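Chain by chain, the residues run as shown.
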Amino acid sequence: MEGVDHLAFERNKAQFDVDEMKIVWAGSREDFELSDRISRLVASDPVFRKDDRAALGRKELFKNTLRKAAHAWKRVIELRLSGEFSALEPEAYKLRAFVDQPAFTDLHWGMFVPAIQGQGTDEQQQKWLPLAYRMQIIGCYAQTELGHGSNVQGLETTATFDPKTDEFVIHSPTLTSSKWWPGGLGKVSTHAVVYARLIIDGQDYGVHGFIVQLRSLDDHLPLPGITIGDIGMKFGNAAYNTMDNGVLTFDHVRIPRNQMLMRVSQVTREGKYVHSNVPRQLVYGTMVYVRQKIVADASVALSRAVCIATRYSAVRRQFGSHNGGLETQVIDYKTQQSRLFPLLASAYAFRFVGEWLLWLYTDVTERLKAKDFSTLPEAHACTAGLKSLTTTATADGIEECRKLCGGHGYLCSSGLPELFAVYVPACTYEGDNIVLLLQVARHLVKTVSQLSTGNKPVGTTAYMARLEQLLQYHSDVKKAEDWLKPNVVLEAFEARAARMCVACAQNLSKFSNPEEGFQELAADLVEAAVAHCQLIVVSNVYALSLLHKHLGDFISTGCIDPKQGSLANEQLRNLYSQVRPNAVALVDAYNYTDHYLGSILGRYDGNVYPKLYEEAWKDPLNDSIVPDGFKEYIQPLLKQQLRNARL
Ligand SMILES: CC/C=C\C/C=C\C/C=C\C/C=C\CC/C=C/C(=O)SCCNC(=O)CCNC(=O)[C@H](O)C(C)(C)COP(=O)(O)OP(=O)(O)OC[C@H]1O[C@@H](n2cnc3c(N)ncnc32)[C@H](O)[C@@H]1OP(=O)(O)O
Ligand SMILES: Cc1cc2nc3c(=O)[nH]c(=O)nc-3n(C[C@H](O)[C@H](O)[C@H](O)COP(=O)(O)OP(=O)(O)OC[C@H]3O[C@@H](n4cnc5c(N)ncnc54)[C@H](O)[C@@H]3O)c2cc1C
């Protein structure tokens, strides 16, 4: 019934202050109040309706996205929201809070602006950023090509310096050098940061970033030498098809020398290449920035799915009725809890590790300003590893939440299919997850190999300094509740990660060619990297469910024995019982509006069945009782069969 809270009985079980937890989840009271204000404004603004997307064709869908993005920008200005979040929050988040679907603004604010901020000189920032902030130009990040994405050093687009005219000639020498995938490129962006091989006097200096105008600011037509378009439909119906991922080729396009991003390296008027004594990898800085953002993004996406699945699991009853009484809530089944509650814990764990990663990123950014590159390897390994870990867990978690909702989870009106389709490319963009884990493995193997040189490991690898102790370690857990002690859990995870890393390093040492060994052992190295990244994220409930899931590692590395493994599982069940009365309150703390969730199963009031039934009739297929095509194709067949039967 309208207005009745069908989940009130669940909310009354909460054993903590939900309003306080809302502040914890938002990060601060100010951020809670601002995000609460924006989400309610968006929910009440008809421009931001989301329930029509499944029925729109690609062109209508895209046009609608442009309309939303323009309206969102106008509202951000009207409400003077610009700059209100913490200094590090670009406009992207305010716009994303309004538009809540992939749009060109993600790349303008999330990559084009940060690339200029991170790799542009002060003069270049002074020239280009005001234009970008006022959206007088719209930018994208054009790095990936048809033939290369993971292998950035394999990019083929060239930027050849012409000393006669003091220009770079940007060119696509091969079909595979076509820029391919950049979001916002296909139909909207007027400019791009283009990654190309710097060529001076025939010498190749590797990949650098260049600001290139793509379209006229008058009529939006492609400039001479530019061929540009959309790469076509992607996975899912609406999903990422609200984004114009594009294809772009250059036919000897000329740009002024001062449009090469020159904070890291410079080219003088005479054509001399100057590489200031900074790591060449700073050219990858934008990717590091977005990877750390993606970790926070994972907690948002996973919490949306968990919110839907938790509320619906409390509403859904199946089996268990005695003497005509109520059937059992599916959230009371231990199997449902063992699948759902670790995801609930993961959403919180990823939220908190995302805050820590933002601190690490901010710290390394400050150090870079002081030419202190000491924590750059740690920042690269942590952003790469946690981006990989959290996006894989979130993509798998959203799919698990769909399954936790049974048949109704497969309806678009559950919100889960769309959430999955929009989210899954996160395992690929900003770095394929396996490629990134191999980066972490390189860092770990290097750390282990340097232990003998007296190089003290720091940061997230500091536990490697206690290698001798960790290699002798065996858990002294005697009873289930011992697994509730944080240090007991932490030591088990440290020992597992250390032993898996050392085993890889020892096996690598058997190869005369280290690169050959690395390739041969890549699968083991990835598992060691996952163990290290999980150690970073570990928190009680999240940790024990991981320990149970990866029990084989813990036992095969000798950290724990089967009995201790079963005690961990027993403790996990006890924890599920403690989470159970708080489950609905824990997802209420995300403070998502029904509009933002876009899910009938996840409605705050739990009024699922009447709304599911009501929604079904809105489907265009129900516009007519007899569907188009029936009389044309099926009825003649039926009548013919009937005639045949009478003969
Ligand atoms: C609102 C939106 C705002 C923000 C985003 C918010 C949320 C997220 C939501 C949505 C995201 C929005 C849109 C997504 C759009 C997607 C965009 C893209 O996909 S952009 C393209 C991304 N492409 C990649 O990630 C490519 C992956 N490949 C690489 O990074 C490199 O090729 C690789 C690191 C794999 C190899 O590089 P290479 O130069 O060959 O180095 P090598 O492996 O030899 O290592 C040499 C040396 O360098 C160190 N190193 C490598 N990378 C880095 C780095 N980034 N930083 C620091 N150091 C690095 C490496 O460790 C090694 O060191 P040692 O020599 O061993 O010491
Ligand atoms: C939705 C979406 C949006 C995107 N937006 C942008 C954008 O705005 N700008 C941009 O520049 N790019 C963008 N990209 C491109 C994206 O960055 C690349 O697709 C990504 O980096 C993966 O590279 P790839 O496609 O070359 O994959 P590949 O590297 O070809 O991966 C294919 C397979 O090879 C494996 N593999 C590759 N190398 C190794 C190795 N050394 N060892 C072991 N296995 C390996 C991978 O694990 C994977 O299984 C986007 C992509 C998507 C899907």
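Worth saying up front: this structure is predicted, and the values here are computed from it rather than measured.

**Remarks on the UniProt feature "active site" (unreviewed entry) in the protein chain**
The sites that carry the UniProt feature "active site" (unreviewed entry) are, in the present numbering, E430. Along the polypeptide, E430 turns up in the loop between helix 11 (416-423) and helix 12 (433-451). Once residues lying within four places of it in the same chain are set aside, the contact partners of E430 are M111, M287, V290, R291, I294, K387 and L436.

**Describing the domain arrangement of the protein chain**
Once the domains are mapped, the protein chain shows domain 1 (139-279) and domain 2 (283-454 + 481-583). Using only C-alpha atoms to locate each centre, domain 1 and domain 2 end up separated by 35 Å. With 18 residues of domain 1 at the contact, the number on the domain 2 side is 16 residues. Summing both sides of the interface, domain 1 and domain 2 together bury roughly 1,200 Å²; the carbon and sulfur share of this comes to 69%. Per-residue buried area on domain 1 facing domain 2 is highest for F235, Y240 and P279; these three make up 32% of the total on that side.

**Some details on the site of ligand 2**
Close to ligand 2 lie 20 residues; Y141, T144, S150, G183 and D432 are nearest. S150 places a polar side-chain atom, nitrogen or oxygen, 2.5 Å from an oxygen atom of ligand 2. Isolated, ligand 2 exposes 980 Å² of accessible area, and the fraction of that covered by the protein chains is 65%. The element contributing the most residues to the shell around ligand 2 is helix 12, with 3 residues. Class assignment of the residues belonging to the shell around ligand 2 gives a composition of 10 nonpolar, 8 polar and 2 charged. Taken domain by domain, the makeup of the shell around ligand 2 includes at least three residues from each of domain 1 (139-279) and domain 2 (283-454 + 481-583).

**Things to note about the packing of helix 8 (residues 285-315) against helix 11**
Viewed as axis vectors pointing N to C, helix 8 and helix 11 meet at an angle of 165°, and their least axial separation amounts to 10 Å. The orientation of helix 8 with respect to helix 11, classified from their angle, is roughly antiparallel. Judged by the twist between their axes, the crossing of helix 8 over helix 11 is left-handed. Across the interface between the two elements, D297, A298, A301, R304, A305 and I308 of helix 8 pack against L416, L419 and Y423 of helix 11. Its residues assigned to classes, the contact of helix 8 with helix 11 comprises 7 nonpolar, no polar and 2 charged.

**With respect to the environment of L343**
Within the secondary structure, L343 sits in helix 9 (residues 334-369). Taking the C-alpha atoms as reference points, L343 and D396, separated by 53 residues in sequence, lie 9.8 Å from one another. If sequence neighbours within four positions are ignored, L343 has contacts with L302, V306, G397, E400 and C401.

**Some details on the layout of surface pockets**
Looking at the second largest pocket, its volume works out to about 680 Å³. The wall of the second largest pocket is formed by 29 residues, among which A393, D396, L546, K549 and H550 lie closest to the centre. Every element with two or more residues in the lining of the second largest pocket is listed here: helix 9, helix 10 (376-404), helix 12, helix 16 (522-537), helix 17 (540-549) and helix 19 (562-579).

**Here's the deal with helix 12**
Here helix 12 spans 27 Å end to end across 19 residues, near enough to the 27 Å set by a 1.5 Å rise per residue. Residues of helix 12 that are buried include every one of N433, L436, L437, L438, V440, A441, H443, L444, V445, T447 and V448, and no others. On its buried face, helix 12 is in contact with helix 8, helix 10, helix 14 (486-508), helix 15 (514-520) and helix 16. Sitting at the head of helix 12, D432 places a side-chain oxygen 3.0 Å from the backbone nitrogen of I434.

**What about the side chain of S189?**
Examined against the element boundaries, S189 turns out to sit in the loop between strand 4 (179-180) and strand 5 (191-200). Accessibility expressed as a relative area gives 0% for S189, which makes it buried. Not counting the four nearest positions on each side in its chain, S189 is found in contact with I138, G139, C140, G184, L214, R215 and H220.

**Things to note about unusual backbone geometry**
In this structure, H220 is a non-glycine residue whose phi angle is positive, near 65°. As for its position among the elements, H220 is in the loop between strand 6 (203-213) and strand 7 (226-230).

**Let's talk about helix 6 (residues 104-119)**
With 16 residues, helix 6 extends 21 Å from end C-alpha to end C-alpha; this agrees with the ideal 22 Å at 1.5 Å per step. Counting buried positions along helix 6 gives 14 out of 16 residues, so the element sits mostly inside the fold.

**What to know about the UniProt feature "binding site: FAD" (unreviewed entry) in the protein chain**
Mapped onto the present numbering, the UniProt feature "binding site: FAD" (unreviewed entry) falls at T144 and G183. Judged by maximum C-alpha separation, these annotated positions cover 40 residues in sequence but sit close together in space, the widest gap being only 10.5 Å. Looking at the element boundaries, T144 is found in the loop between strand 1 (139-142) and strand 2 (158-162). By relative accessible area, T144 is classed as partly exposed at 25%. Setting aside its immediate chain neighbours within four residues, T144 contacts G149, S178, K179, W180, W181 and P182. Residue contacts for G183: discarding those within four places in its chain leaves L107, C140, M243, D244 and N245.

**Section: the site of ligand 1**
Taken together, 32 residues are adjacent to ligand 1, and S150, Q281, Y284, E430 and K446 come closest. Q143 places a side-chain nitrogen or oxygen 3.3 Å from a nitrogen atom of ligand 1. In this structure, an oxygen atom belonging to ligand 1 sits 2.8 Å away from a side-chain N or O atom of R291. Coverage of ligand 1 by the protein chains reaches 83% of its 1,300 Å² of free accessible surface. Among the secondary structure elements, those contributing two or more residues to the shell around ligand 1 are helix 5 (91-99), helix 6, helix 8, helix 10 and helix 12. Residues of the shell around ligand 1, tallied by class, amount to 14 nonpolar, 10 polar and 8 charged. Here the shell around ligand 1 spans two domains, and each of domain 1 (139-279) and domain 2 (283-454 + 481-583) adds at least three residues to it.

**Quick word on empty space enclosed by the protein**
If you walk through the whole model with that rule in mind, you get 1 cavity of 30 Å³ or more. Of the voids in this model, the largest cavity is the one considered here, and its volume is about 40 Å³. Lining the largest cavity are A441, L444, V445, V448, C501, C504, L525 and A528. For the lining of the largest cavity, the secondary structure elements donating two or more residues are helix 12, helix 14 and helix 16. Take the lining of the largest cavity: its biggest share by element is 4 residues, from helix 12.

**Describing the nonpolar core**
Residues L344, L386, W483, F493 and Y590 are the most contacted members of the largest nonpolar core, which totals 115 residues. The element contributing the most residues to this core is helix 14, with 13 residues. Dropping the residues within four chain positions of it, W483 is found in contact with S475, V477, V488, V489, A492, L544, L547, I560, Q564, L567, A568 and Q571. Ranked by size, the runner-up nonpolar core spans 54 residues in total, among them F104, V113, I294 and V364.

**Topic: the packing of helix 10 against helix 11**
Between helix 10 and helix 11, the least distance of the axes is 9 Å, while the angle of their chain directions is 160°. When the interaxial angle is binned, helix 10 and helix 11 end up roughly antiparallel. The way helix 10 lies across helix 11 gives a crossing that is left-handed. Note on element contacts: helix 11 touches helix 10 through L416, L419, F420 and Y423, opposite T390, T391, T394, A395, I398, E399, C401 and R402. Of the residues contributing to the contact of helix 10 with helix 11, the split by class is 7 nonpolar, 3 polar and 2 charged.

About the criteria used
Residues numbered from 1 in each chain as written. Chains lettered and ligands numbered in written order. Predicted model: local features only at pLDDT ≥ 70, side-chain atom pairs only at ≥ 80, totals over all residues. Heavy atoms only, no water. UniProt positions renumbered as here; feature names shortened; annotations may be inferred. Helix = DSSP H or I, 4+ residues; strand = E, 2+ residues; numbered from the N terminus. Contact = heavy atoms within 4.5 Å. Domains from an automatic or database assignment. Buried area = accessible area lost by both parts, 1.4 Å probe. Near = heavy atom within 4 Å. Polar contact = N/O pair within 3.5 Å; in protein donor to acceptor, adjacent residues only side chain to side chain. Areas by Shrake-Rupley, 256 points an atom, 1.4 Å probe, with all protein chains shown as cover. Nonpolar A, V, L, I, M, F, W, Y, C, P; charged D, E, K, R; others polar. Axes fitted to C-alpha atoms, helices over the stretch in contact; angles between N-to-C directions. Parallel < 35°, antiparallel > 145°, perpendicular 65-115°, else oblique. Left-handed = near helix turned anticlockwise from the far one by under 90°. 1 Å grid on protein atoms, 1.4 Å probe; cavity = no way out; pocket = protein on both sides within 12 Å on 5 of 7 lines; lining within 4 Å. Points joined across faces, edges and corners; volume = space filled by probe spheres on them. Expected span 1.5 Å × (residues − 1). Buried < 20%, exposed > 50% of the residue type's maximum accessible area, 1.4 Å probe, protein only. Core = buried A, V, L, I, M, F, W, Y, C linked by side-chain atoms within 4.5 Å.

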